[in-house]
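Chain residues, written in single-letter form:
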Amino acid sequence: MPQFVSGYAYFRKAVLVQALLLSGALTSTAQLTFSDASAAPVIIDPQATTGLSNVYVLPATRGVTAVAAVDGSASAAKVYKFSNLGAAYAQEIECSPVSGGVGFALEDGDMGYMVESASGRSKYYWVTDYSRHTYDVTDAVADATLSDCDMLAIKLSGSASAIYYYTINGRRSELGRGIEVEYNTLAFDENVYEYRETQVSETIDHAGEDGVIRVRQPLCRTDIEVTGDRFLKAWGEQHTVVLNDVAPGGVEANTKAEVTERDSPNEKKEEGSDALGGSAPCEITFTAAVTDAAAFHQWQIARDEEFNIVDLQYNELDFTYVFREQGYSYVRFVASDENDVCQYYGDVYTVYIGDSRLECPNIFSPGASEGVNDEWRVSYKSIVSFQCDIFNRWGVKVASLSDPSQGWDGRYKGKLVPAGVYFYVIKAQGADDKAYNLSGDINVINYKGSESPSTGPSETP
């Protein structure tokens, strides 16, 4: 604490003290100057609605005189003081013209002042006596009984209560102490998809009546420094207390889902849905990153959105699942601390698998025009099992397909087959349990360099 000035020097020549402009102090030209103050005032520019020109915070007001700049003759100026009742109850106090304006003695303690110039124009100021509100914190401990999963309660030993000033209408406003709390926590890094340690700082206006301040729960083990306050900082006398080795108290996570895309031009996509999925089988990889306090974590898959019945559970942070059943599925990530007190429930991913579909073309022209109708492929959606065999007219199998995305290029043993009629037999199953037993003709039409098929058995492949 700054040493208080003893004695009373009334209207002595004002010794101008350079104002310290803090972060948040918006004025650069003091309208009051002070003598016999032990340190420079902290000057704060209040909102216009307060009616105040400036708020000043002095280490102490006892024995300090102020000089106010006035319009016109200083000998005709008047000075009034007002309390928390506002300027309507102002009382005139003794003042005297001095070099630079009109001088008057500050009251001992917090007080508002109205300076009336000869022109009748008045300006209003509030002066706070910091010695009545000293920040004096000697220790700090984390209080688990007052903390929750989001906020950590820190119990301060000493004084850090709120400092108030009053507007000309008697409305109370706060002068935030600017108590700085610094600690390490975890921040999510999207680029590497993991949490990384980072230092953060929070600014607290004051401690509560119970001596408690609250900050965001650290997400990793850390030391916590509590430094106060901004007025002592301006006077070079701030001090710090440290909470050592504070355990993480909150649980957070980030999740993502990535669909494995299939480059199958003959597969029909599901339209009109914002859900993941579409055509089965749909492979989706789910990934999660968690903070240090997450002792338990799990991916859950359910068929109902409320997860009343969880069908599948995966305890890994990352897992891949293939959705094969028609309809909606829901996936979420949950995590909790070791006591299952702080819980995290992630956003629900909706996966929709549409109805199945399977259609077969009956004509194509391999070798005629490259890239144009030169493969025979089915058109499909949500087919989860598939077997297609293609035969020539003598019953010889010329092609076999085990996936609906596959096509037949019109070749047998590396050579284009003769133009003519071929036959397919398909057995398939849809995601909606629909069974497909299909058969039909495939017309291979003439292509450049093709020969008409022989009718003799010697042409049998």
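As shown above, the structure is provided for reference.
What you see is a predicted model; the values in this text were computed from it and never measured. (Residues numbered from 1 in each chain as written. Predicted model: local features only at pLDDT ≥ 70, side-chain atom pairs only at ≥ 80, totals over all residues. Heavy atoms only, no water.)

A. Inspection of the state of the cysteines at higher detail. Taken as a whole and assessed by the stated rule, the structure comprises one disulfide. Each sulfur in the disulfide pair Cys 149 and Cys 342 lies 2.1 Å from the other. Because the torsion about its S-S bond is -95 degrees, the bridge between Cys 149 and Cys 342 counts as left-handed. Of this pair, Cys 149 sits in the loop between strand S11 (136–142) and strand S12 (151–159) while Cys 342 sits in the loop between strand S26 (327–336) and strand S27 (343–345), and the two are 193 residues apart along the sequence. (Disulfide = S-S within 2.5 Å. Helix = DSSP H or I, 4+ residues; strand = E, 2+ residues; numbered from the N terminus.)

B. Local environment of the pairing of strand S1 (residues 32–35). Here S1 shows two buried faces, one formed by Leu 32 and Phe 34 and the other by Thr 33 and Ser 35. Inspection of the sheet shows S1 paired to strand S4 (residues 65–68) by four bridges, in the antiparallel sense. Residue Thr 33 lies in a different strand from S4, and its bridge partner there is Val 67. (Buried < 20%, exposed > 50% of the residue type's maximum accessible area, 1.4 Å probe, protein only. Pairing = 2+ DSSP bridges.)

C. Layout of the sheet that holds strand S37 (residues 435–444). The sheet built from five strands is open, its strands ordered S30-S37-S36-S32-S33 with mixed pairing. This sheet does not close on itself; its edge strands, each paired only once, are strand S30 (363–364) and strand S33 (397–401). Inspection of the sheet shows strand S32 (residues 383–391) paired to S33 by four bridges, in the antiparallel sense. Counted as the bridge partner of Asp 389 is Ser 400 from S33.

D. The environment of Arg 324, seen in detail. Within the fold, Arg 324 resides in the loop between strand S25 (318–323) and S26. Distance from Arg 324 to Ser 385, taken between C-alpha atoms, is 9.9 Å for residues 61 residues apart in sequence. Ignoring any residue separated from it by four or fewer positions in sequence, one finds Arg 324 in contact with Ala 280, Pro 281, Val 384 and Ala 431. (Contact = heavy atoms within 4.5 Å.)

As far as function goes, none of this settles anything; it's purely spatial.
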